[in-house]
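# Residue-level structural notes
Read off the chains here:
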Amino acid sequence: MIKQFLHTKIGAIIGFKLGLKGFNRVVASHNGKIFSKSYNSRTDKGAALMSSLLSGSSLGSISSPLPPLYIALSTSVLTPAKGDTTLSGETSVSGLGRALGTAGSYIAPSTLDGGASYTVAKTFTAGASAAINSTGLFDAVSSGNMFAESNLSVTRNLVLNDTLAITWTVNN
């Protein structure tokens, strides 16, 4: 019953605030103003990738484990599923294609067996108009393994030279 609750939107917020393992967040800002805070869905490949990185082995059909540092944007509203391997509607619009983010902001666990977190951030500059609805976190600049995916809380319509900053907080 608790597991079911934690998989609701309010449960995910509570899980993240309490520092429970596995609750990740995406914050998005448009031209410097935050417009979306959402919680993502880690995929099967994301779980296998994390296990591969921690074990130093190739597990769950992950052949070359690399950290998930690449942020992708999508024009689609997602229906996340645990078996998702690609980001539906991933955009390649000029300036908005999948790109390497910067890892940082490590927060250590506050208790024994508590959750730790770090961020992966990227600011995109639109080279053309696009309506962005969702984002994904990958381990490669193309193809690769999708670690997690998330809808933004609202569609963001970008025009030429608009900036869109995406910050993933990965809690483990």
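Quantities reported herein were computed from a predicted structural model and do not represent experimental measurements. (Residues numbered from 1 in each chain as written. Predicted model: local features only at pLDDT ≥ 70, side-chain atom pairs only at ≥ 80, totals over all residues. Heavy atoms only, no water.)

## Comments concerning the overall build of the protein
Along its length, the protein carries three helices and ten strands. Secondary structure elements in the protein, listed N-terminal to C-terminal, are α-α-β-β-β-α-β-β-β-β-β-β-β. Relative to its 172 residues, the protein shows a buried fraction of 42%. The long-range share in the protein, meaning contacts at least 24 apart out of those at least 6 apart in sequence, stands at 66%. Taken as a whole, the protein presents about 8800 Å² of accessible surface, with 58% of it coming from carbon and sulfur. (Helix = DSSP H or I, 4+ residues; strand = E, 2+ residues; numbered from the N terminus. Buried < 20%, exposed > 50% of the residue type's maximum accessible area, 1.4 Å probe, protein only. Contact = heavy atoms within 4.5 Å. Areas by Shrake-Rupley, 256 points an atom, 1.4 Å probe, with all protein chains shown as cover.)

## Topic: the nonpolar core
In terms of nonpolar packing, the biggest core is built from 24 residues, with L96, I132, I166 and W168 touching the most fellow members. At the level of secondary structure, the elements contributing two or more residues to this core comprise β1 (25-30), α3 (44-55), β4 (70-74), β7 (117-125), β8 (130-138), β9 (146-158) and β10 (163-171). Setting aside anything within four residues of it in sequence, one finds I166 in contact with V26, V27, A28, I71, L73, V120, A121, K122, F124, T135 and L152. A72, L78, F138 and M146 belong to the second largest nonpolar core, which has six residues in total. (Core = buried A, V, L, I, M, F, W, Y, C linked by side-chain atoms within 4.5 Å.)

## Some words on the sheet that holds β4
The strand order across the open sheet formed by five strands is β3-β9-β8-β4-β5, and the pairing between neighbours is antiparallel. Strands at the two margins of the open sheet, each flanked by one partner only, are β3 (41-42) and β5 (99-100). Here β3 pairs with β9 via two bridges, running antiparallel. Within the sheet, the bridge partner assigned to S41 lies in β9 and is E149. Here α3 sits on the sheet in contact with β3 and β9, set at roughly 130° to β9. (Pairing = 2+ DSSP bridges. Axes fitted to C-alpha atoms, helices over the stretch in contact; angles between N-to-C directions.)

## A few points about the confidence of the model for the protein
Residue-level pLDDT values for the protein average 85, and 86% of them are 70 or greater. Mean pLDDT across the elements of the protein ranges from a minimum in helix α1 (residues 2-6), with 54, to a maximum in β5, with 98. (pLDDT = per-residue confidence, 0-100.)

## Section: the sheet that holds strand β2 (residues 33-39)
Spatially, β2-β1-β10-β7-β6 is the arrangement adopted by the five strands of the open sheet, whose pairing is antiparallel. Each edge of the open sheet is held by one strand with a lone partner, namely β2 and β6 (102-107). Averaged over all adjacent pairs, the angle separating strand axes in this sheet is 20°, with direction ignored. In terms of strand pairing, β1 meets β2 through six bridges, oriented antiparallel. If you follow R25 over to β2, its bridge partner there is Y39.

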